[in-house]
Amino acid sequence: MTQPRFLRSARIAAAGLAIGALALTGCSATAGNSGSAKADASAQSALLTIPREDMGTFVRNFNPFAPTVAPMTQQAIYESLLIYNPAKGDTTPWLASEWTAAEDGKSITFTLRDGVKWSDGQPLVPADVVTTFALQKKIKGGYDYLDTVTAEGTNQVKFSFKTAWSPALFDLGQLSILPDHVWSKIADPEKDANEKPVGTGPYTEVDTFQAQSFVLKKNPNYWQPEKQKIAGIKMLAFAGNDGANLAAANGDVDWAPQYMPNIEKTFISKDPDHRKYWFPPTGSMINWQLNTAKAPFNDTDVRKALSMAVDREQVTKIGMSGYTKPADCTGLSGNYETWKNKDVQDKCDWTKLNVDEANKLLDKAGYPKGSDGKRTLKDGKPFEFKISVGAASSDWLSVANVIAQNLAEVGVTAKVDSPDWAAVVAGYETGDFDSGIVWSANDPSPYKYFAGMMGTATVKPVGEKTFENYHRFGDPKADALLTEFAAAADEDTQHDIVDKLQEEYSAVAPAIPLFAGPEWGAYNNTRFTGWPTEENPYATLSVRAPTTVLVLTSLEPAK
Amino acid sequence: MRFILRRLGFYLIAFWVSITLNFLLPRFMPGDPVSRMFARTQDRMQPEQIEALRKLLGVDDRPIWEQYVDYLHNMITGQMGVSISRFPTPVTEVIASQVGWTLLLGGTALVIAAVVGNLLGILAAWRRGGAIDSALPPILIFIGSFPYFWLAMGALYLFGVTLGWFPIRHAFSDTIEPAFSWEFMSDVGMHLVLPALTIVLVSVGGWMLGMRNTMIATNAEDYITMAEAKGLRPGRIMFRYAARNAMLPSVTSFGMSLGFVVGGALLTEVVFAYPGVGYQLLNAVQGLDYPLMQGLFLTITAAVLLANFLVDILYVRLDPRVRAN
């Protein structure tokens, strides 16, 4: 999960100032505050303190259907049937102890774990799962492939699909399960604030709730009591990244999941023995997406040539402070490490900087360079277009600027256009744009990613609103593979198909992949130990991911 | 009385114009809250959930005049709907829970800045060319022209982090419960110092200069010379004769500023993580949260107009010339 784009901007501007201020106060800050930070630490040693940088104030709303749900609702209070860990590419059974997919791929049966209780003492039953999905479909929609959800016996739930649908496992498995005995009595589940949540998670008891901080205490009936080693979780509200970064630098929080510029200096250097960071590239792939409904972007050679002109090393270094790695020809982010086709990776050419080759390809495709060194289109007009990025995202803006400079070397003129994000996204949605820096779907299985990148089902004509496949690229060959993938029940077949999808992706270049979004995460192990690291990637350091509960059940107070 | 009625009529029209603009402006912005939210959460929201969310949040495609009629009706009856960025909390509740902190912060800072600034202005003008007059204005203007953000960050680091004199975030410590106790109130007071101080620092120079300049003009008036010739005490001349007459422009700016306090000190709230409406307004604009934006703008407009109206009435008391017209 990458961070919200609009906020990042403000925070980068702010962070620059924060560094300035840090530099000003210099070493005295380090020496001066270590004493007071320690004193604070002992006073609240039992609570794991986490900042939330994009909420100035909290609203007591633990309804997972609310678009503005209180943090930790889906991480500490409610749990899902299984947990997929993108950092390692493995799946942990959670509320379900096991599952089996039908031979024909048209259903999956989950077996619920024995002995799981809700925080009010009631047992977890199949009806809970059935009710959860009924509510989810009614309130939020989606799950169109799902035909019926039925309880089987005392501990099994069977999901039947309209057609074979293998991506369903993670889609179903990662939804937060709600208690039927509570939610079936709520009159208006869309709008209920669910102030006293009943969940199966490790920390369900809302202890104090104030506008700028709240505390969740232990679930008295948790199914893994031996793993509840922290006394509770305390969330702090910050109206921007700078405040949260300050709290982190000051040692007031244990976990700092927000973006920190120059983290070595602002955060680590204050206490290198206890402070660590880890940014696995498991966020969504960030692409430079060209509107393929327009010429010359409908030409594969043009897309590949433009891609070869981009210096991704420079892009990640300047635009992303070197916090991530350049993309390769598979177009897959670190989230899909286990799915990557080694052949495609080895033979990769069009995502590597090669100005000569880019020039040759553009010449060959019929976009000649004039005497002034600038290329023209087939109709004689200059080869010029815009790259649209929201004004707020300063990091992506510098990415776009680097690209524009790179393109000048092959005689192509790109102008960076940066109105407000709302205007940019409105352009993406209706197809009224040349190109833009765009995120992509990020799911445990690569199905949605490829469907949104090159499935014809997601292509809408220009003028009609769409929320995926902004670049409007459809490939019938990819469609055939996607259909095959959906019907494939066993994992080996799925991997074979995804290998082919990557070959196809690399052949047609639907978009120009730049880099995988990193998942920010830093921690301070003065008070708690047992954090995930690059060497032990049992989860990512995100506080909003499905794997967050794995961290919450692994941490223990420092001795 | 006729004067007041006429002013009242004027304010009603101004109010209608501003709430109409308030209705139109967000609707001229491109995009809608749901796609905005989608872009914001990026890969965390499924495209097929968007329609459902639109319905849930009541983003409507009705003709604009129908929306306008509804809007006016809601404004008059005080129903401002449900906030989108704070769904499903009603707009009135969002504003009510935060406007108090903003008023406390903005009000305290304004009163201190105005009182201190005006007093300094009076003294500077009275001892023209003296120490206060030659040293303070340039210093205060220098400080005031710092980018606020920078100044606030600097103060936060110096007094909050390095020296540890004041808390560095929030309106009160999260270890104590709000109550009408000495402990809680002093805690709130401590949390107020840094944010209020930085606002005072950047605004006090303006107050001082304004007052100083009018005071100098007033000091040249014949009645001051007359009072001096009569041998009145200098203090009396300074406050009762000169300052009282030089006050008028300051009263106007005080009234105007009072109205704007409601809008919140956005940057202050962001730097100090203070729970006011300023940050909420920024959020509402970024998230295209029409109902909350409208609720906040309405509150701010009403506050500004009300403050102006009160100043108008006060003026009649203070300045007889206004009465004559």
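Here we summarise the structure given alongside this text. Given the structure is predicted, the values throughout are model-derived calculations rather than measurements. (Residues numbered from 1 in each chain as written. Chains lettered and ligands numbered in written order. Predicted model: local features only at pLDDT ≥ 70, side-chain atom pairs only at ≥ 80, totals over all residues. Heavy atoms only, no water.)

**Examining the overall build of chain B**
Turning to step 1, where the next piece is worked out: Helix and strand content of chain B: 15 helices and zero strands.
Turning to step 2, where the next piece is worked out: Principal axes of the C-alpha set define a box for chain B whose edges measure 85 × 60 × 40 Å.
Turning to step 3, where the next piece is worked out: For chain B, with 325 residues in total, the buried portion stands at 49%.
Turning to step 4, where the next piece is worked out: Considering only intrachain contacts with a sequence separation of at least 6, the fraction spanning at least 24 residues in chain B is 73%.
Turning to step 5, where the next piece is worked out: For chain B, the accessible area works out to roughly 15800 Å², and carbon and sulfur atoms hold 69% of it.
Turning to step 6, where the next piece is worked out: Where the 23 positive side-chain charges of chain B centre and where its 21 negative ones centre are 14 Å apart. (Helix = DSSP H or I, 4+ residues; strand = E, 2+ residues; numbered from the N terminus. Buried < 20%, exposed > 50% of the residue type's maximum accessible area, 1.4 Å probe, protein only. Contact = heavy atoms within 4.5 Å. Areas by Shrake-Rupley, 256 points an atom, 1.4 Å probe, with all protein chains shown as cover. Lys, Arg positive; Asp, Glu negative; His and termini not counted. Charge placed at Lys NZ, Arg CZ, Asp CG, Glu CD.)

**Quick notes on the pattern of salt bridges**
Turning to step 1, where the next piece is worked out: For the coordinates displayed, the defined rule picks out 16 salt bridges over all chains.
Turning to step 2, where the next piece is worked out: For K465 of chain A, the salt bridge goes to E429 of chain A, with nearest N and O atoms at 3.5 Å. Here K465 of chain A is found in the loop between helix 14 (447–454) and helix 15 (476–487), whereas its partner E429 of chain A is found in helix 13 (residues 421–430), with 36 residues between them in sequence.
Turning to step 3, where the next piece is worked out: A salt bridge links D312 of chain B to R7 of chain B; its shortest N-O distance comes to 2.6 Å. On the criterion of sequence distance, the pair formed by D312 of chain B in helix 14 (residues 290–318) and R7 of chain B in helix 1 (residues 2–28) is long-range, its members being 305 residues apart.
Turning to step 4, where the next piece is worked out: In this structure R7 of chain B comes out as partly exposed when scored by relative accessible area, which is 26%.
Turning to step 5, where the next piece is worked out: Through salt bridges with shared partners, a single network forms among R52, E53, D54 and R544 of chain A. (Salt bridge = Lys/Arg side-chain N within 4 Å of Asp/Glu carboxyl O.)

**Some thoughts on the nonpolar core**
Residue and element names in this part refer to chain A.
Turning to step 1, where the next piece is worked out: Counting residues in each nonpolar core, the largest one holds 102 residues, and the members touching the most others are W288, L306, F385, I403 and I437.
Turning to step 2, where the next piece is worked out: With eight residues, helix 12 (residues 394–408) is the single largest residue contributor to this core.
Turning to step 3, where the next piece is worked out: Other than its neighbours up to four places away in sequence, L306 contacts W288, L290, F297, F385, L407, V412 and I512.
Turning to step 4, where the next piece is worked out: In terms of nonpolar packing, the next biggest core, distinct from the first, is built from 70 residues, I50, W94, F159 and L552 among them. (Core = buried A, V, L, I, M, F, W, Y, C linked by side-chain atoms within 4.5 Å.)

**Digging into the sheet that holds strand 16 (residues 435–438) of chain A**
Residue and element names in this part refer to chain A.
Turning to step 1, where the next piece is worked out: Read from one edge of the open sheet, five strands run 15-14-16-13-17, paired in mixed fashion. The open sheet has two free edges, formed respectively by strand 15 (413–417) and strand 17 (512–516), since each of these has just one partner strand. Strand-to-strand, the axes of this sheet are offset by a mean angle of 20 degrees, without reference to chain direction.
Turning to step 2, where the next piece is worked out: Relative to strand 16, strand 13 (residues 285–290) is paired through four bridges, and the arrangement is antiparallel. In the sheet register, W288 faces strand 16, and the bridge partner there is I437. (Pairing = 2+ DSSP bridges. Axes fitted to C-alpha atoms, helices over the stretch in contact; angles between N-to-C directions.)

**A short note on the side chain of Q258 of chain A**
Turning to step 1, where the next piece is worked out: Here Q258 of chain A shows up in the loop between strand 11 (255–256) and helix 7 (263–266).
Turning to step 2, where the next piece is worked out: Setting aside anything within four residues of it in sequence, one finds Q258 of chain A in contact with P51, E53, N241, A244, N245, A248 and W520 of chain A.

**A word on the packing of helix 11 (residues 248–261) of chain B against helix 14 of chain B**
Residue and element names in this part refer to chain B.
Turning to step 1, where the next piece is worked out: Where helix 11 contacts helix 14, the two axes come as close as 7 Å, and the packing angle between them is 160 degrees. One way to sum up the angle between helix 11 and helix 14 is to call them roughly antiparallel. Relative to helix 14, the crossing made by helix 11 is right-handed. For the pair helix 11 and helix 14, the contacting residues are L248, P249, V251, T252, G255, M256, L258, G259 and F260 in the first and I300, A303, V304, A307, N308, V311, L314, Y315 and L318 in the second.
Turning to step 2, where the next piece is worked out: Looking at the contact of helix 11 with helix 14, its residues break down into 14 nonpolar, four polar and no charged. (Parallel < 35°, antiparallel > 145°, perpendicular 65-115°, else oblique. Left-handed = near helix turned anticlockwise from the far one by under 90°. Nonpolar A, V, L, I, M, F, W, Y, C, P; charged D, E, K, R; others polar.)

**Re the state of the cysteines**
All names here are of chain A.
Turning to step 1, where the next piece is worked out: For the coordinates displayed, the defined rule picks out one disulfide over all chains.
Turning to step 2, where the next piece is worked out: Bridging C329 to C348, the disulfide has an S-S length of 2.0 Å. In this structure the cystine formed by C329 and C348 twists about its S-S bond by roughly 80 degrees; its chirality is therefore right-handed. Placement of the pair is C329 in the loop between helix 9 (312–319) and helix 10 (342–346) and C348 in the loop between helix 10 and helix 11 (355–365), with a sequence separation of 19 residues. We note that C329, like C348, is buried. (Disulfide = S-S within 2.5 Å.)

**Considering the pairing of strand 9 (residues 213–218) of chain A**
Residues and elements named next belong to chain A.
Turning to step 1, where the next piece is worked out: Here strand 8 (residues 203–210) pairs with strand 9 via five bridges, running antiparallel. Following the sheet pairing, F209 is matched in strand 9 by F214.
Turning to step 2, where the next piece is worked out: Adjacent in sequence and paired antiparallel, strand 8 and strand 9 are bridged by two residues.
Turning to step 3, where the next piece is worked out: As judged from the five bridges shared by strand 9 and strand 10 (residues 232–237), these two strands associate in the antiparallel manner. Residue pairing in the sheet places S213 in a bridge with L236 of strand 10.

**Points about a nonpolar patch on the surface**
Turning to step 1, where the next piece is worked out: Nonpolar side chains collect at one region of the surface, where I13, W16, V17, L21, L25 and F28 of chain B lie side by side and expose about 660 Å² of accessible area between them.
Turning to step 2, where the next piece is worked out: Note on L25 of chain B: relative accessible area 53%, which makes it exposed. (Patch = residues over 30% accessible without salt bridge, like charges linked within 9 Å, V, L, I, M, F, W, Y side chains within 5 Å.)

**Re the environment of T413 of chain A**
Residue and element names in this part refer to chain A.
Turning to step 1, where the next piece is worked out: Mapped onto the elements of the fold, T413 is located in strand 15.
Turning to step 2, where the next piece is worked out: Given the relative accessible area of 21%, T413 is considered partly exposed.
Turning to step 3, where the next piece is worked out: Sequence separation between T413 and R375 is 38 residues; the distance between their C-alpha atoms is 8.4 Å.
Turning to step 4, where the next piece is worked out: Among all residues touching T413, those that are not within four sequence positions of it are K374, F383, E384 and F385.

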